[in-house]
Amino acid sequence: MNLAATLESARRSRLYPSVILHGRDAASRQQAALEVARVLLCEAPPEARPCGVCRHCRRIAWPGEGGAPFHPDFQVLERDLKTSTSVEATRELLRAAQVSPFEARGQVFVIGSAETLSGEAANALLKNLEEPHTTSPRHFLLLAPSSMDLLATLRSRSLAVFLGPAESVDPEDVEPIAGAFAGAISGYESTRSAIYLLSAAAALSGAGGWEDPRAARPWAVAAAAVLRALGNVDHGGPRRACLALAEDLLTGPSMRLRGVTAERILEGLVARHLA
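Cut-off values and rules
- Residues numbered from 1 in each chain as written.
- Predicted model: local features only at pLDDT ≥ 70, side-chain atom pairs only at ≥ 80, totals over all residues.
- Heavy atoms only, no water.
- Helix = DSSP H or I, 4+ residues; strand = E, 2+ residues; numbered from the N terminus.
- Rg over C-alpha atoms; globule rule 2.2 N^0.38 Å.
- Buried < 20%, exposed > 50% of the residue type's maximum accessible area, 1.4 Å probe, protein only.
- Areas by Shrake-Rupley, 256 points an atom, 1.4 Å probe, with all protein chains shown as cover.
- Lys, Arg positive; Asp, Glu negative; His and termini not counted.
- Charge placed at Lys NZ, Arg CZ, Asp CG, Glu CD.
- Pairing = 2+ DSSP bridges.
- Right-handed = clockwise from strand over helix to strand, strands pointing away.
- Axes fitted to C-alpha atoms, helices over the stretch in contact; angles between N-to-C directions.
- Parallel < 35°, antiparallel > 145°, perpendicular 65-115°, else oblique.
- Left-handed = near helix turned anticlockwise from the far one by under 90°.
- Contact = heavy atoms within 4.5 Å.
- Salt bridge = Lys/Arg side-chain N within 4 Å of Asp/Glu carboxyl O.
- Polar contact = N/O pair within 3.5 Å; in protein donor to acceptor, adjacent residues only side chain to side chain.
- Nonpolar A, V, L, I, M, F, W, Y, C, P; charged D, E, K, R; others polar.

Caption draft 1: Expanded view of the overall build of the chain. Tallying secondary structure elements over the chain gives 11 helices and 5 strands in all. Taking 19 Å as the expected radius of gyration for a compact globule of 275 residues, we find that the chain reaches 20 Å, a close match to that expectation. Overall, the chain is about 60 × 40 × 35 Å in size when its C-alpha atoms are taken along their principal axes. Scored against the burial criterion, the 275 residues of the chain give a buried share of 48%. Accessible surface computed for the chain: about 13200 Å², of which carbon and sulfur atoms make up 52%. Separation between the mean location of the 29 positive side-chain charges and that of the 30 negative ones in the chain comes to 5 Å.

Below is the structure:
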């Protein structure tokens, strides 16, 4: 699901209670969270949300910004420890979710670095998602570089909204890779021969720049190529598999840091999703 569709669901009061906003950079995820929150709490008619001028829209801002206003029904939990978000801070946020809204028709709680939730903190949040408050709408927005950074149980109870690759990608770099990838997948769909899966992985390796195991750009190019190739992939299973593959490609740097070569990771991900 993309951000535009998410905002439309929010306008129609059909947004899932827990939403994962992943992809792009931290600033983009924060801006997306503010947009969703304004739509959810805006007091204008649904089709005009967010109006940008009502008492709710004007006071929804990211904490720490100079002169940022305060809205009691919009709360943000940021990482409070060096490497993690503690269970104590998470429980403090969740206590606020047990009371009625102060001013708006609902409440929005944002976890700014959901990938840093400690195991105990993630389980505390999970319990709250499994036993939602029923008297008024409450939404949790979980921000992370990738949805795969979160516990599987959190992912299963949340709507994942992909905001785009972490780095901007030149379409001219993507086009030839996408064409080669689409051709390999078409070959596999026709013959079911594994050689085409290897060809698909080899096509993605054409992104280049794999020398630095920490580099995110080659993975972003490969993911963009898979998404670009969807126009040439039939609907149904292969299309869904390609979407999942594109998402997993964005976690490539973390796998590289375990000492696995990019070629083996690409082959493994292609086989996992498309075989």
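Caption draft 2: Representation of the pairing of strand E2 (residues 74-77). Pairing between E2 and strand E3 (residues 107-111): 4 bridges, direction parallel. Paired with Gln75 across the strands is Phe109, a residue of E3. With helix H3 (residues 87-96) bridging E2 and the parallel E3, this β-α-β connection has right-handed handedness.

Caption draft 3: Inspection of the packing of H3 against helix H4 (residues 119-130) at higher detail. Running from N to C, H3 and H4 cross one another at 20°; their axes reach a closest spacing of 8 Å. One way to sum up the angle between H3 and H4 is to call them roughly parallel. Handedness of the H3/H4 crossing: right-handed. Of the residues in H4, those touching H3 at Val87, Thr90, Arg91 and Leu94 are Glu120, Ala121, Ala124, Leu125 and Asn128.

Caption draft 4: Quick peek at the sheet that holds strand E1 (residues 18-22). The parallel open sheet is built from 5 strands, whose spatial order is E2-E3-E4-E1-E5. Only two strands of the sheet have a single neighbouring strand rather than two, namely E2 and strand E5 (159-162). Mean inter-strand twist for the sheet, computed between neighbouring axes without regard to direction, equals 20°. The sheet contact formed by E1 and E5 spans 4 bridges and is parallel. By the bridge assignment for E5, His22 is matched with Phe162.

Caption draft 5: Fine view of the side chain of Arg29. One can find Arg29 in helix H2 (residues 26-41). With no salt bridge to any partner, buried Arg29 finds its closest opposite charge in Glu115, at an N-O distance of 5.4 Å. Among the polar contacts made by the side chain of Arg29, one reaches the main-chain carbonyl oxygen of Gly23 at a distance of 3.0 Å. Sequence-distant contacts of Arg29, that is, excluding residues within four places in its chain, are made with Leu21, His22, Gly23, Arg24, Leu143, Ala144, Pro145 and Leu163.

Caption draft 6: Representation of the environment of His139. One can find His139 in strand E4 (residues 138-144). Under the relative-accessibility criterion, His139 is labelled buried at 9%. When the C-alpha atoms of His139 and Val19 are compared, they prove to be 7.6 Å apart, with 120 residues separating the residues in sequence. Beyond its immediate stretch of four places on either side in the chain, His139 contacts Leu15, Tyr16, Pro17, Leu40, Gln107, Val108 and Phe109.

Caption draft 7: Focus on the packing of helix H7 (residues 194-205) against helix H11 (residues 262-274). Relative orientation of the contacting elements H7 and H11 amounts to 130°, with a least axis distance of 9 Å. In terms of axis orientation, H7 runs oblique to H11. Considering only the axes of H7 and H11, their crossing is right-handed. Where H7 approaches H11, its residues Leu197, Leu198, Ala200, Ala201, Leu204 and Ser205 are matched on the opposing element by Leu266, Glu267, Val270, Ala271 and Leu274. Split into classes, the residues belonging to the contact of H7 with H11 amount to 9 nonpolar, 1 polar and 1 charged.

Caption draft 8: Structural detail: the pairing of E1. Burial runs high along E1: 5 of the 5 residues are buried. Residues Ser18, Ile20 and His22 point to one face of E1 and Val19 and Leu21 to the other, with burial holding for every one of them. Pairing analysis gives 5 bridges linking E1 to E4, with the strands arranged parallel. When the bridges of E4 are listed, His22 appears paired with Ala144.

Caption draft 9: Here's a closer look at the pattern of salt bridges. Within this structure, the stated rule accounts for 12 salt bridges. In this structure, Glu43 and Arg55 form a salt bridge, with 3.2 Å as the shortest nitrogen-oxygen distance. Taken as a pair, Glu43 in the loop between H2 and E2 and Arg55 in the loop between H2 and E2 lie far apart in primary sequence, 12 residues in all. A salt bridge links Arg228 to Glu175, with the shortest nitrogen-to-oxygen separation between them at 3.2 Å. Here Glu175 lies in helix H6 (residues 171-191) and Arg228 lies in helix H8 (residues 217-229), a separation of 53 residues in the sequence. We classify Glu175 as partly exposed; its relative accessible area is 40%.

Take it as geometry only, folks, not as evidence of what the structure does.
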